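One letter stands for each residue in the lines below.
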Amino acid sequence: MRKRTLFRLAAGTAAVGATTLAYASLVERNMFTLRRYDVPVLPADAEPLRVLHLSDLHMMPDQARKQRWVASLAALDPDLVVVTGDNMAHPGAVPGVLRALQPLLDYPGAFVFGSNDYTGPVLKNPFTYFLPDREYTEGVDLPYEELRQVFTGAGWADLNNARTTLKAGGRQLDLVGVDDPHIDRDDYPAVAGAVSSSADLSIALTHSPEPRVLDQMAADGFGLLLAGHTHGGQVCVPGYGALVTNCGLPRSMARGLHRWPGSDSWLHVSAGLGTHPTAPIRFACPPEASILTLIPR
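An unreviewed UniProt entry lists the chain under the name Metallophosphoesterase, with Micromonospora lupini str. Lupac 08 as the source organism.

**Q** For this particular structure, what's the right way to read the overall build of the chain?
**A** From N to C terminus, the chain includes 6 helices and 14 strands. Counting all 297 residues of the chain, 49% fall into the buried class. Nonlocal contacts in the chain, meaning residues at least 24 apart in sequence, comprise 74% of its contacts between residues at least 6 apart. Counting only carbon and sulfur atoms, one obtains 56% of the accessible surface of the chain, whose full area is about 13100 Å².

**Q** Teacher, can you tell me more about the sheet that holds strand β4 (residues 109-112) here?
**A** Hydrogen bonds between backbone atoms are what pair the strands of a sheet, whose relative direction is either parallel or antiparallel. As summarised here, the arrangement of the 6 strands in space is β1-β14-β2-β3-β4-β5, forming an open sheet in which the pairing is mixed. Taken across any chain shown, the strands that pair with only one partner, and hence form the sheet edges, are β1 (33-42) and β5 (157-158).

**Q** Sorry if this is basic, but what is going on with the environment of Asp 106 here?
**A** Mapped onto the secondary structure, Asp 106 falls in the loop between α3 (94-101) and β4. Take Asp 106: its relative accessible area is 68%, and that puts it in the exposed class. Sequence-wise, Asp 106 and Ala 154 are 48 residues apart; in three dimensions their C-alpha atoms are separated by 7.1 Å.

**Q** Quick question: what am I supposed to make of the sheet that holds strand β13 (residues 266-269) here?
**A** In space, the 6 strands of this open sheet follow the order β6-β7-β8-β9-β13-β12, with mixed pairing throughout. In the strand order of this sheet, the two ends are held by β6 (162-168) and β12 (256-259), each with one partner. Neighbour-to-neighbour, the strand axes of the sheet open up by a mean angle of 25°, direction not taken into account. As defined by bridge partners, β6 adjoins strand β7 (residues 171-177) across 7 bridges and the pair is classed as antiparallel. Residue pairing in the sheet places Ala 168 in a bridge with Arg 171 of β7. Along the sheet face, helix α6 (residues 211-219) touches β8 (201-205), β9 (224-227) and β13 and points at about 155° away from the line of β9.

**Q** Any chance you could explain α6 here in plain terms?
**A** The periodicity of an α-helix, 3.6 residues per turn, causes residues three or four positions apart to be oriented the same way. Along α6, the residues classified as buried are Val 213, Leu 214, Met 217 and Ala 218. Axial view of α6: buried residues confined to an arc of 130°, hence all on one face. Along its buried surface, α6 packs onto β8, β9 and β13. Two residues or fewer past α6, Gly 221 is found with a positive phi of approximately 95°.

**Q** What's the story with the nonpolar core in this structure? I'm lost.
**A** The tendency in soluble globular proteins is for nonpolar side chains to be buried side by side. In terms of nonpolar packing, the biggest core is built from 31 residues, with Leu 54, Val 70, Leu 104, Phe 151 and Leu 273 touching the most fellow members. Breaking this core down by element, the ones donating at least two residues are β2 (49-54), α2 (64-72), β3 (80-84), α3, α5 (144-153) and β14 (288-296). Take this core: its biggest share by element is 4 residues, from α3. Look past the residues within four positions of Phe 151 in its chain and what remains in contact with it is Asn 87, Val 97, Leu 101, Leu 105, Phe 111 and Trp 156. Listed in part, the 23 residues of the second largest apolar core include Val 41, Leu 49, Leu 175 and Ile 203.

**Q** Looking at this model, I keep getting lost on unusual backbone geometry. Mind explaining?
**A** Phi is mostly negative for residues that are not glycine, and the peptide bonds are mostly trans. A positive phi angle is found at Asp 86, which is not glycine, with a value near 55°. Notably, His 229 is not glycine yet its phi reads approximately 75°, a positive angle. Structurally, the position occupied by His 229 is in the loop between β9 and β10 (236-237).

**Q** Help me understand a nonpolar patch on the surface in this model?
**A** Taken together, Val 235, Val 237, Tyr 240 and Leu 243 make up a surface patch of nonpolar side chains, about 310 Å² in accessible area. Relative to the helices and strands, Tyr 240 resides in the loop between β10 and β11 (241-242).

**Q** Looking at this model, I keep getting lost on the pattern of salt bridges. Mind explaining?
**A** One side chain can pair with another of opposite charge once the charged atoms of both are near each other. One pass over the full model with this rule turns up 7 salt bridges. Residue Asp 158 pairs with Arg 148 through a salt bridge whose shortest N-O separation is 2.7 Å. Pair noted here: Asp 158 is in strand β5 and Arg 148 is in helix α5, with a separation of 10 residues, a long-range link. Residue Asp 158 is classed as partly exposed on the basis of its relative accessible area of 24%.

Calculation rules
Think of each chain on its own: its residues are numbered from 1, step by step along the sequence as written. Per-residue local features of the predicted model are confined to residues with pLDDT of at least 70, and side-chain atom pairs are confined, for both listing and counting, to 80 or more; whole-chain, interface and lining totals are unaffected and use all residues. Only hydrogens and water are set aside when side-chain values are computed; all heavy atoms of the structure are taken into account. Strands are runs of DSSP state E lasting at least 2 residues, helices are runs of H or I lasting at least 4, and numbering of each runs from the N terminus. The buried label applies to any residue whose accessible area, calculated with a 1.4 Å probe on protein chains only, is under 20% of its type's maximum; exposed applies above 50%, and partly exposed to all values in between. Contacts: residue pairs with any heavy atoms within 4.5 Å of one another. Method for areas: the Shrake-Rupley scheme with a 1.4 Å probe, in which residue coverage is limited to the protein chains shown. Here, strands pair whenever DSSP counts at least two bridges between them. Simply put, an axis is a line fit to the C-alpha atoms, just over the touching stretch for a helix, and the angle between two N-to-C directions goes from 0 to 180 degrees. Directions pointing from the helix axis toward each C-beta atom define the arc. Throughout, nonpolar core names a set of buried Ala, Val, Leu, Ile, Met, Phe, Trp, Tyr and Cys residues whose side chains join them through atoms within 4.5 Å. For patches, a residue must show more than 30% relative accessible area and have no salt bridge; joins then use 9 Å for like charges and 5 Å for nonpolar side chains, namely Val, Leu, Ile, Met, Phe, Trp and Tyr. Whenever Lys or Arg places a side-chain nitrogen within 4 Å of a carboxyl oxygen from Asp or Glu, that contact is recorded as a salt bridge.

Here you go:
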């Protein structure tokens, strides 16, 4: 009797596990979701400004559904498009990224790169994400310069360790960004400095939301900090949230809008639109893009 009970429990557990895996790999990772947030960062009486935040497409050449969904976001008519990296997951991904983003290239935009814009993914044990000092392993080289030319050719601002001003929605924006801190390509001191007093709005970009970088951006007075990288945890536990962020950010801030501690800045972390190709699953954390409506404080 005891052996029969244990066998039934094991069989039931296996069935639940298989069903969950099937849902996470076949259903939820394709449940593209648009998040909406109001962010109080504008001066009093200012008209709202709409920012479309995209991140972590991890595009494969054949992901037509994702490409169509992202392209459809042009119907939102944003004032500004921001892309915070990890666009590619394959050496042949640039045409797919272009199919997704082509309708959005007509809008003012800015971008930074992530590690998976430079090198492709490699097969790894997912449990290593729980190791804070795990070694980063590079895959095949990706055509990031080709992608950069596509973005800059459309007039988008390249903010990889760079700073610029840009006009969007009739407002003057002070923009800054760093290359990916996850692989130590960031150099914020090279672009640091107080926000311009003539700017109507200030926005800072980074792929990986490392606190050491966010602290410096907030200290310079940037009102809105935008990042990706975490995938929102990618696999979350309902009622508990993300198991890991793959960076120094607390689990409680793995996705969504948060006030950055010790500052007047707001941080938005996108859970992103893709997955690592060797772990194509999402659970309790569907792929997302966000429309941020910036409103008066």
